[in-house]
Amino acid sequence: MAVPLTDWNTGLFDCCDDVKSCCYGFWCCPCLACTVSGKFGENRCLPLCDICSPAITAACGLPLCVPPAALALRVGIRQRYGVKGSLCKDIMASCFCEWCSWCQMHRELKYRKKQKTVVVNVQPGPVMSR
């Protein structure tokens, strides 16, 4: 049974929908990135791959290479929660709007935490034959 795909809870540029996340990302985006990584269940230091590599240029608006952690987490969040999108869109968001992308992922994880999905697995009863 396929789960229907949904849109991101907020848009890439909807930073003002959650002022706390917006301020956190604006004043200390590396800290926000580490928080997102940890909330997603990955190592909190994963975003350091973006910061300590040529990918840091994407944060400055000059994407010489794709930020690996930002892209991997964005794709992972989309896959886990069934969010519409494509790898191409994820690359574009990670390269050209990296700070906004981290803020969007943070807002999405906060939203998903509030909207916990409960899956109930009910086994059919035993079949009696005569």
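The following refers to the structure shown. In this text the structure is predicted, and so the values were computed from the model without any measurement. (Residues numbered from 1 in each chain as written. Predicted model: local features only at pLDDT ≥ 70, side-chain atom pairs only at ≥ 80, totals over all residues. Heavy atoms only, no water.)

A few words on the side chain of Arg-74. Among the secondary structure elements, Arg-74 is positioned in helix H4 (residues 68-81). Not counting the four nearest positions on each side in its chain, Arg-74 is found in contact with Trp-8, Leu-12, Asp-90, Ala-93, Ser-94, Ser-101, Gln-104 and Met-105. (Helix = DSSP H or I, 4+ residues; strand = E, 2+ residues; numbered from the N terminus. Contact = heavy atoms within 4.5 Å.)

This next bit is on the packing of H4 against helix H5 (residues 87-96). Packing of H4 against H5 brings their axes to within 9 Å, and their N-to-C directions diverge by 135°. In terms of their interaxial angle, H4 and H5 are classed as oblique. Remark: the crossing between H4 and H5 carries right-handed chirality. Where H4 abuts H5, its residues Ala-70, Leu-71, Arg-74, Val-75 and Arg-78 lie against Leu-87, Asp-90, Ile-91, Ala-93 and Ser-94. (Axes fitted to C-alpha atoms, helices over the stretch in contact; angles between N-to-C directions. Parallel < 35°, antiparallel > 145°, perpendicular 65-115°, else oblique. Left-handed = near helix turned anticlockwise from the far one by under 90°.)

Let us look at the pattern of salt bridges. If you walk through the whole model with that rule in mind, you get five salt bridges. The shortest N-O distance in the salt bridge between Asp-7 and Lys-84 comes to 3.7 Å. A residue pair is termed long-range when its members are at least 10 positions apart, and Asp-7 in the segment before helix H1 (19-39) and Lys-84 in the loop between H4 and H5 qualify at 77 residues. Taking the shortest distance from any N to any O, the salt bridge between Arg-78 and Asp-90 comes out at 2.7 Å. Here Arg-78 is found in helix H4, whereas its partner Asp-90 is found in helix H5, with 12 residues between them in sequence. Since its relative accessible area comes to 2%, Asp-90 is described here as buried. Taken together, the salt bridges that share partners define one network made up of Arg-74, Arg-78 and Asp-90. (Salt bridge = Lys/Arg side-chain N within 4 Å of Asp/Glu carboxyl O. Buried < 20%, exposed > 50% of the residue type's maximum accessible area, 1.4 Å probe, protein only.)

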